[in-house]
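Coordinate inspection notes
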Amino acid sequence: MESLDALAMADMIVGNSTAIREVRGLVRFAAETRASVLITGPSGTGKELVAHALHRASARAAAPFIAVNSGAIPRELIESELFGHEKGSFTGAMARRIGHFEAAHAGTLFLDEIGEMPLDMQVRLLRVLEDHKVRRIGSNDDVNVDVRLIAATHQCLESAIADGRFRADLFYRLNVLPIELPSLAERVEDVPVLVEHFLSRGFASDNPPVFTDGALAILMAHDWPGNVRELKNLVERAAVFFRGMDVGRDQMAMLLRPARSARPAAVAAPVAVDLPENVVAIAASPRFARPMDLREHLQNEEKRVLIEALESTGGVVSAAARLVMLQRTTFVEKMKRYQIGREMALSA
Ligand SMILES: Nc1ncnc2c1ncn2[C@@H]1O[C@H](COP(=O)(O)OP(=O)(O)O)[C@@H](O)[C@H]1O
Ligand SMILES: [Mg+2]
């Protein structure tokens, strides 16, 4: 993969506001170094996008970019996920597993929601940043890793430090190059170009709707709690429902409403604007603020339930299996698949 030039970068991180220009400048600067980067900003402001652009603009572009959401990994699995494990190092460790650090060797590891990282893992991270070495669970040997770390958080780490939830030494290690992404409401001048961008990329890009000036004015006055992600979602819905049509104030009112509403679809108020004939109603639930990978979601849910069942039986597998109406063998099968084990399962 070729690395990003300035033009390609502007195509990826869209916006003409002073803040976004500054961000692109910082990304180009950071790309020349291997220093750790800390990206802060509210959810949906483009933190992951910026991390990816940084990787693509760096000399590491051809090596892996691995994104890990620290907040989404069950606590007891974080160490194994990040550092890997040897076969048999704990119940359920059926095979050697390479951790994300090793997988990102020569490339970039993006640790999202770093503020969620448990304190003991923060110590481990700090050590990797200092020694550039990792050790798999159950191994006595260190493995050298050459990884550029990019961390991100929507939290204020300074107050997390004050509360004793985040280590100051790790913060300083990560914060070598800070990049701050302002909320979309603080850079509304970017709204029209972002709308253009999402229209040209999304569904119906061959025959996109046309946002009137009135519609754009409404979007620029909106407060965007979900930031760019919310705008992208709105533009994509507009493209689906108003393909080739004008999107004016009325359509805008409708597009903005369902995202606000916490009511279930069945009782959503009737929509009083002209809709294409094939469209019966629009009811966007907040859980679809972005496309959901249903299969992955169900797997995560299954894994959570298994762990919860094990926790409620103090790790007794046969009892846990009964709780979820599974055969013990099926339950064990699933534990293996999800690499649940260690202290969790006392009696396999
Ligand atoms: N400046 C931008 N230009 C183009 N797309 C953007 C921009 N900022 C965010 N996006 C898009 O908005 C969505 C949310 O961005 P993301 O990086 O996941 O935000 P965060 O990690 O801060 O929650 C993604 O689809 C991303 O591609
Ligand atoms: Mg994110």
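Preceding this section is the structure that the text describes.
Every value quoted in this text rests on a predicted model; they were computed, and no experiment measured them.

Now for the sheet that holds strand 5 (residues 108–112). Working definition: the strands of a sheet are paired by backbone hydrogen bonds and lie parallel or antiparallel to each other. Across the sheet, five strands lie side by side as 2-5-8-1-9; this open sheet has parallel pairing. Strands with a single pairing partner mark the edges of an open sheet, and in this sheet they are strand 2 (65–69) and strand 9 (177–180). Strand-to-strand, the axes of this sheet are offset by a mean angle of 20°, without reference to chain direction.

So, on to helix 2 (residues 18–31). Under the 1.5 Å per step criterion, the end-to-end length of helix 2 is 20 Å for 14 residues, consistent within 8% with the ideal 20 Å. Every buried residue of helix 2 is listed here: Ile20, Val23, Val27, Ala30 and Ala31. Seen end-on, helix 2 carries its buried residues on one side only, within an arc spanning 100°. Set apart from the buried face of helix 2 by more than 90 degrees, the exposed residues are Thr18 and Gly25. In this structure, the buried residues of helix 2 make contact with helix 1 (6–12), strand 1 (37–40), helix 3 (47–57) and strand 9.

In this section: the site of ligand 1. In the vicinity of ligand 1 there are 16 residues, among which Val14, Gly46, Lys47, Glu48 and Val228 approach most closely. Among the secondary structure elements, those contributing two or more residues to the shell around ligand 1 are helix 3 and helix 11 (227–241). Here the shell around ligand 1 spans two domains, and each of domain 1 (6–180) and domain 2 (185–288) adds at least three residues to it.

Conventions and cut-offs
Residues numbered from 1 in each chain as written. Chains lettered and ligands numbered in written order. Predicted model: local features only at pLDDT ≥ 70, side-chain atom pairs only at ≥ 80, totals over all residues. Pairing = 2+ DSSP bridges. Helix = DSSP H or I, 4+ residues; strand = E, 2+ residues; numbered from the N terminus. Axes fitted to C-alpha atoms, helices over the stretch in contact; angles between N-to-C directions. Expected span 1.5 Å × (residues − 1). Buried ≥ 20, exposed ≤ 12 C-beta atoms within 10 Å, placed from the backbone. Arc of directions from axis to C-beta. Contact = placed C-beta atoms within 7 Å. Near = placed C-beta within 6 Å. Domains from an automatic or database assignment.

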